[in-house]
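Here is how the chains run, residue by residue.
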Amino acid sequence: LIKEAGGEAIFVQADVIKEADVKAMVDKAVSVFGRLDIAFNNAGTVGENPSLIEQTEAEYDRIMNVNVKGVWLSMKHEIAQMLKQGSGAIVNMASAYGVVAFPTFPLYTASKHAVVGLTKAAALQYAKAGIRINVVAPAVIETDMFEAATGGQDEAKAYMAGLHPIGRIGTPLEVANAVLFLSSDLASFVTGETLMVDGGFVAQ
């Protein structure tokens, strides 16, 4: 789609929990484009078991590895490159559950709170180096994950939509627009912030 629109794009296969993969991904981007101006760390996963006492160590490791370690490793290598350039913008994907809690997603909630905290600390550490680091935190968004969670049932979708004061769930484009804003010079005085894209969910 990017190439069809006249842009240039590459694909690099990577597992964000493996440091060698993350480093290779950043190195490849720099070798092709010459620099790394913007990074959006968007890989994430949710747990399947709602009961904390029934969740396993393996499930904990899977969620924390992807959602937290993956963001940390990505920032580690992205920031290293941006320091060489003297500038850059990073946006990390959290969730409304990185700001508030939900009883049936304890590990996911913990992981997204960790992303928010990690972002704030990194933003402070590198603010004077010309690197801005922020978080986008969506509520329920119309994705494949949403379809799987509702089983495609209209009643479940209506319930989820009703959780948001705006009266509907969000769209991927609405999240993308928030990421674009935080990545752009329009947000040149914004760092360490969590931008809610949640239809008023956490304001309740």
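Residues numbered from 1 in each chain as written. Predicted model: local features only at pLDDT ≥ 70, side-chain atom pairs only at ≥ 80, totals over all residues. Heavy atoms only, no water.

Chemist: Describe in detail the packing of aromatic side chains, supporting the description with residues and values.
Modeler: All chains considered together, the criterion is met by 6 aromatic pairs. Look at Tyr-97 and Phe-102: their rings are 5.1 Å apart centre to centre, the planes differ by 25 degrees, and that puts the pair in the stacked class. Tyr-97 gets classed as buried once you look at its relative accessible area, which sits at 13%. Judged by its relative accessible area of 27%, Phe-102 is partly exposed. With centroids separated by 6.4 Å and ring planes inclined at 85 degrees, the aromatic side chains of Tyr-97 and Tyr-108 adopt a geometry described as edge-to-face. Of this pair, Tyr-97 sits in the loop between strand 2 (88–93) and helix 3 (106–126) while Tyr-108 sits in helix 3, and the two are 11 residues apart along the sequence. Across the pair, Tyr-108 and Tyr-97 agree in class, each one buried. Here the aromatic cluster, defined as three or more aromatic residues joined through ring pairs, consists of Tyr-97, Phe-102, Phe-105, Tyr-108 and Phe-201. (Phe/Tyr/Trp six-rings, centres within 6.5 Å; stacked < 30°, edge-to-face > 60°. Buried < 20%, exposed > 50% of the residue type's maximum accessible area, 1.4 Å probe, protein only. Helix = DSSP H or I, 4+ residues; strand = E, 2+ residues; numbered from the N terminus.)

Chemist: Give a description of helix 6 (residues 172–183) that names residues and reports values.
Modeler: At 3.6 residues per turn, the α-helix brings residues three or four places apart onto the same side. Across its 12 residues, helix 6 extends 16 Å between first and last C-alpha, which sits within 8% of the 16 Å expected from 1.5 Å per residue. For helix 6, the complete set of buried residues consists of Val-175, Ala-178, Val-179, Leu-182 and Ser-183. Buried residues of helix 6, seen end-on, are gathered within an arc of 135 degrees and therefore sit on one face of the element. Exposed side of helix 6, more than 90 degrees from the buried face: Leu-173 and Leu-180 are the residues found there. Contact partners of the buried residues in helix 6: strand 1 (38–41), strand 2, strand 3 (131–138) and strand 4 (194–197). (Expected span 1.5 Å × (residues − 1). Arc of directions from axis to C-beta. Contact = heavy atoms within 4.5 Å.)

Chemist: Describe the sheet that holds strand 1, listing the residues and the values that go with them.
Modeler: With parallel pairing, 4 strands are arranged side by side in an open sheet as 1-2-3-4. Either end of the sheet is taken by a strand with one partner, and the two such strands are strand 1 and strand 4. Shown here is a sheet whose adjacent strand axes are inclined to one another by a mean of 20 degrees, direction ignored. Sheet analysis places strand 3 next to strand 4, joined by 4 bridges and oriented parallel. Residue pairing across strands places Pro-138 opposite Val-197, the latter belonging to strand 4. Those strands touched by helix 6 are strand 1, strand 2, strand 3 and strand 4, and its axis lies near 165 degrees from that of strand 3. (Pairing = 2+ DSSP bridges. Axes fitted to C-alpha atoms, helices over the stretch in contact; angles between N-to-C directions.)

Chemist: Go over the packing of helix 2 (residues 57–85) against helix 3 with me, naming the residues and quoting the values.
Modeler: The axes of two packed helices give the description: the angle between them and the distance between them. Look at helix 2 against helix 3: their axes get within 9 Å of each other, and the N-to-C directions meet at 15 degrees. Classified by the interaxial angle, the pair formed by helix 2 and helix 3 is roughly parallel. Viewed along their axes, helix 2 and helix 3 form a crossing whose handedness is right-handed. Residues Glu-59, Tyr-60, Ile-63, Met-64, Asn-67, Val-68, Val-71, Trp-72, Met-75, Ile-79 and Leu-83 of helix 2 form the contact with helix 3, whose participating residues are Leu-107, Tyr-108, Ala-110, Ser-111, Lys-112, Ala-114, Val-115, Leu-118, Ala-122 and Tyr-126. (Parallel < 35°, antiparallel > 145°, perpendicular 65-115°, else oblique. Left-handed = near helix turned anticlockwise from the far one by under 90°.)

Chemist: Please give an account of the environment of Gly-70 that cites residues and values.
Modeler: Here Gly-70 lies in helix 2. Put simply, Gly-70 and Lys-28 are 42 residues apart on the chain and 18 Å apart in space, counted from C-alpha to C-alpha. The residues touching Gly-70, leaving out its near neighbours within four places in the chain, are Val-16 and Asn-65.

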